[in-house]
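Close look at the chain arrangement
Listed below are the residues making up each chain.
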Amino acid sequence: MATLDIKNLHVSVETEAGPKPILHGVDLTVSDGEVHAIMGPNGSGKSTLAYAVAGHPKYTITDGSVTLDGVDILSMTVDERARAGLFLAMQYPVEVPGVSVANFLRTAKTAIDGEAPKLRTWVKDVNQAMGQVNLDASFGQRNVNEGFSGGEKKRHEIVQLELLNPAFAILDETDSGLDIDALRIVSDGVNRFSGQGDRGVLLITHYTRILRYIKPDKVHVFVGGRVAESGGAELADRLEAEGYDRYLKAGEVSAPAGAGN
Ligand code: ADP
Ligand code: MG
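Summary of the structure given here. (Residues numbered from 1 in each chain as written. Chains lettered and ligands numbered in written order. Predicted model: local features only at pLDDT ≥ 70, side-chain atom pairs only at ≥ 80, totals over all residues. Heavy atoms only, no water.)

1. With respect to the overall build of the chain
- From N to C terminus, the chain includes 8 helices and 12 strands.
- What you see for the chain is a C-alpha radius of gyration of 18 Å, in line with the 18 Å of a compact globule of 261 residues.
- Seen through its C-alpha atoms, the chain measures out along the principal axes to roughly 60 × 40 × 35 Å.
- Relative to its 261 residues, the chain shows a buried fraction of 48%.
- Taking all contacts inside the chain whose residues are at least 6 apart in sequence as the whole, residues at least 24 apart take part in 71%.
- Total accessible area on the chain is roughly 12200 Å²; 50% of this is exposed by carbon and sulfur atoms.
- Charge centroids of the chain, computed over 26 positive and 35 negative side chains, lie 3 Å from each other. (Helix = DSSP H or I, 4+ residues; strand = E, 2+ residues; numbered from the N terminus. Rg over C-alpha atoms; globule rule 2.2 N^0.38 Å. Buried < 20%, exposed > 50% of the residue type's maximum accessible area, 1.4 Å probe, protein only. Contact = heavy atoms within 4.5 Å. Areas by Shrake-Rupley, 256 points an atom, 1.4 Å probe, with all protein chains shown as cover. Lys, Arg positive; Asp, Glu negative; His and termini not counted. Charge placed at Lys NZ, Arg CZ, Asp CG, Glu CD.)

Right, dumping it as structure tokens:
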């Protein structure tokens, strides 16, 4: 089971000049086992939505609710959210100097399961997960995200997804910076994950090309800190043809008070 329910979500980001409102009432329900794509122009608040749901301290919820299978997650710490089954692949994954991939994965797995994984099966699982995204076993000895290429960062996220096996994954621009082969490898990983049937995915993307490989149940157009339109997979085709102009022009007329301050 994994239903993510976002209602009337208002979020501000902490800046030096004070809190800046970014999300202006996001409504979104990803039902059990569904894959939804969020598409929108740069600066529309897509990453802010991902961070707010994951519990990044810089983002303050000023109104609204987020539940995972009916359980309020906004009152949880970041760790509690992860243990509740929520996974975020960040648009710009951070470097963790001095921590190897192998250690990082094992520590994360232990934290989420509440016990260390059995060593023999774990090593096999890690090697298999890395092999599936064409990463060499020696990758495990590298420091997390240090000097990783764009493709390595995103494939590492898929390894995490595979091993941690969360109930719900938010993938922020998992397709950015990937060449066509890496895009297919990463998409296959997402499809393996969602193909388990009861896993939810919120796929945030700027471009439609990843949607050739991952077929979303629903597509949401995100503009000006809220969902401007929702539809089926065909909505992505229309965006491919028309871009976001139409929504941006409409947004100029009906921009929410306080937006852009
Ligand atoms: P997207 O992911 O859709 O490109 P973001 O959520 O990254 O959009 O950003 C939305 C808006 O919020 C942008 O105008 C951005 O400049 C602003 N913003 C996001 N994070 C911060 C921050 N930490 N400090 C200042 N402004 C921010
Ligand atoms: Mg972003």
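2. A short note on the site of ligand 1
- Not every one of the 14 residues close to ligand 1 is listed here, only the nearest: Ile-22, Gly-43, Lys-46, Ser-47 and Thr-48.
- Between ligand 1 and the protein, one listed contact pairs an oxygen atom with a backbone N or O atom of Gly-45 at 3.0 Å.
- At a separation of 3.3 Å, a nitrogen atom of ligand 1 approaches a polar side-chain atom of Tyr-59.
- Elements represented by at least two residues in the shell around ligand 1 include exactly strand 1 (4–15), strand 2 (18–30) and helix 1 (46–54).
- Each residue belonging to the shell around ligand 1 can be placed in one class, and the counts come to 4 nonpolar, 7 polar and 3 charged. (Near = heavy atom within 4 Å. Polar contact = N/O pair within 3.5 Å; in protein donor to acceptor, adjacent residues only side chain to side chain. Nonpolar A, V, L, I, M, F, W, Y, C, P; charged D, E, K, R; others polar.)

3. Describing the packing of aromatic side chains
- A complete count under the given rule lists 2 aromatic pairs for this structure.
- Considering the side-chain rings of Tyr-51 and Tyr-59, the 5.4 Å spacing of their centres and the 10° angle between planes classify their relative orientation as stacked. Neither residue differs from the other here; Tyr-51 and Tyr-59 are each classed as buried.
- Look at Phe-139 and Phe-148: their rings are 4.7 Å apart centre to centre, the planes differ by 40°, and that puts the pair in the tilted class. Phe-148 shares its class with Phe-139; the two are buried.
- Positioned over the ring face of Tyr-247 is Arg-246, at 4.7 Å from the centre of the ring. (Phe/Tyr/Trp six-rings, centres within 6.5 Å; stacked < 30°, edge-to-face > 60°. Lys NZ or Arg CZ within 6 Å of the ring centre and 35° of its normal.)

4. Some points on the coordination of the magnesium ion (ligand 2)
- Around the magnesium ion (ligand 2), the protein contributes the donor atoms Ser-47 (OG) and Gln-91 (OE1), at 2.1 Å from the metal centre. Here Ser-47, found in helix 1, pairs with Gln-91, found in the loop between strand 6 (86–89) and strand 7 (96–100); they are 44 residues apart in sequence, far enough to count as distant. (Donors = N, O, S within 2.8 Å, 3.2 Å for Na, K, Ca; no water.)

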